[in-house]
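Structure at a glance
Next come the chains, spelled out residue by residue.
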Amino acid sequence: MTLVGSVTTPETLAAVDRARMLGLMAEHFDGVAPEAFARDLDQKRWVLLLRDAAGEVQGFTTIGIDAVPVQGRVIEAVFSGDTIVHRDHWGTTELAQAWGRFVLSLAREEGEGPLYWFLISKGVRTYRFLPLYFQAYWPRHDAETPAFEAAVMAGLAEARYPGCYDAATGVLRFGGEKDRLRADLAAISPGRLRDPVVQFFLARNPGYVDGDELVCLARLAPDNLTPAAWRVLRQAPTP
């Protein structure tokens with residue numbers, strides 16, 4: 001079943017769409033607090049919705065822009081907040097298509113300085129988007145994070161979640177106060193455990209089952225995309 005992506009703003013969301021988004025979160029995560037979800041949603045600048053042929057929301061991601069001073073420069077980053085696609089649509093690429101086209105348009109608008117993707121990941125499925133779609137991303141299993149990128153990650157994490165970031169591990173810890181993947185969705189098949197990317201994620205973020213988030217970073221630019229990313233983007237309809 002084909003999904004269609006569109007970008008809107010939190011203040012223009014219909015009540016039925018907000019309720020559906022909360023329902024999708026509660027279906028896939030434990031510990032979802034409606035008040036916290038609404039507060040977090042309203043703090044974002046955009047929302048990317050995925051609708052089915054009947055117009056029902058089957059997935060979404062919330063998007064913000066963060067800016068922090070790092071080594072005498074102001075660094076801007078697209079922040080991905082709550083993100084979910086209904087499990088009936090796992091394996092589809094509509095989210096990646098719509099999100100990719102939107103954030104690359106933001107990168108073009110920014111013009112002069114680099115624009116980064118600030119991603120926090122409490123699941124292997126999310127983390128694996130990085131090696132699939134980006135040539136350079138951090139942290140990764142086969143290279144140390146450069147000092148500048150490490151400073152950007154620390155600055156972004158501390159600015160958005162003061163006191164929760166452990167710079168030694170690169171993990172945000174919320175003490176069980178944040179939502180977490182349901183146990184059946186957090187489980188990893190034995191075959192996946194042989195993947196060095198998965199092994200790295202589990203080693204760096206063993207508390208992912210409790211809602212701990214691995215802080216990640218990638219530069220949003222055409223020359224940092226993988227061939228797989230370009231294949232996905234070329235499938236997307238021209239807006």
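Up top you'll find the structure we're talking about.
This report concerns the structure included in the present document. In this text the structure is predicted, and so the values were computed from the model without any measurement. Starting afresh in each chain, residues are numbered from 1 along the sequence in its written order. Only residues with pLDDT of 70 or above have their local features reported here, since the model is predicted, and side-chain atom pairs are shown and tallied only from 80 upward, although totals for entire chains, interfaces and linings are computed over all residues. Where side-chain values are given, they derive from all heavy atoms of the structure, hydrogens and water being excluded.

1. A short note on helix 9 (residues 227–235)
Threshold: Each residue is placed in one exposure class: buried if its accessible area under a 1.4 Å probe, protein chains only, is under 20% of its type's maximum, exposed if it is over 50%, and partly exposed if it falls in between. Strands here mean DSSP runs of E at least two residues long; helices mean DSSP runs of H or I at least four residues long; both are numbered from the N terminus. Taking the helix axis as origin, the arc is that swept by the directions to the C-beta atoms.
All of the buried residues along helix 9 are Ala228, Ala229, Val232 and Leu233. End-on, the buried residues of helix 9 take up no more than an arc of 135°, which puts them together on one face. Projecting away from the buried face of helix 9 at angles above 90 degrees are the exposed residues Pro227, Arg231, Arg234 and Gln235.

2. Regarding the packing of aromatic side chains
Selection criterion: For Phe, Tyr and Trp, rings pair up if their centres lie within 6.5 Å, where Trp contributes its six-membered ring, and each pair is then called stacked (planes under 30 degrees apart), edge-to-face (over 60) or tilted (otherwise). Any Lys NZ or Arg CZ that is within 6 Å of a ring centre and within 35 degrees of that ring's normal is treated as a charge sitting over the ring.
By the definition in use, this model includes 12 aromatic pairs. When the centroid spacing of 5.0 Å and the interplanar angle of 45° are considered together, the rings of Phe79 and Phe118 count as tilted. Separated by 39 residues along the polypeptide, Phe79 in strand 5 (residues 73–85) and Phe118 in strand 6 (residues 115–121) bring together distant segments of the chain. Judged by its relative accessible area of 1%, Phe79 is buried. Consider the rings of Phe201 and Tyr208, whose centres lie 5.8 Å apart with planes at 65°: the pair is edge-to-face. A single burial state applies to Phe201 and to Tyr208, both of which are buried. Connected via pairs of aromatic rings, a cluster forms that spans Tyr127, Tyr137, Phe200, Phe201 and Tyr208. One Lys or Arg, Arg140, reaches over the ring of Trp138 and ends 5.8 Å from the middle of that ring. Sitting over the ring of Phe79, Arg160 keeps its end group 4.0 Å from the ring centre.

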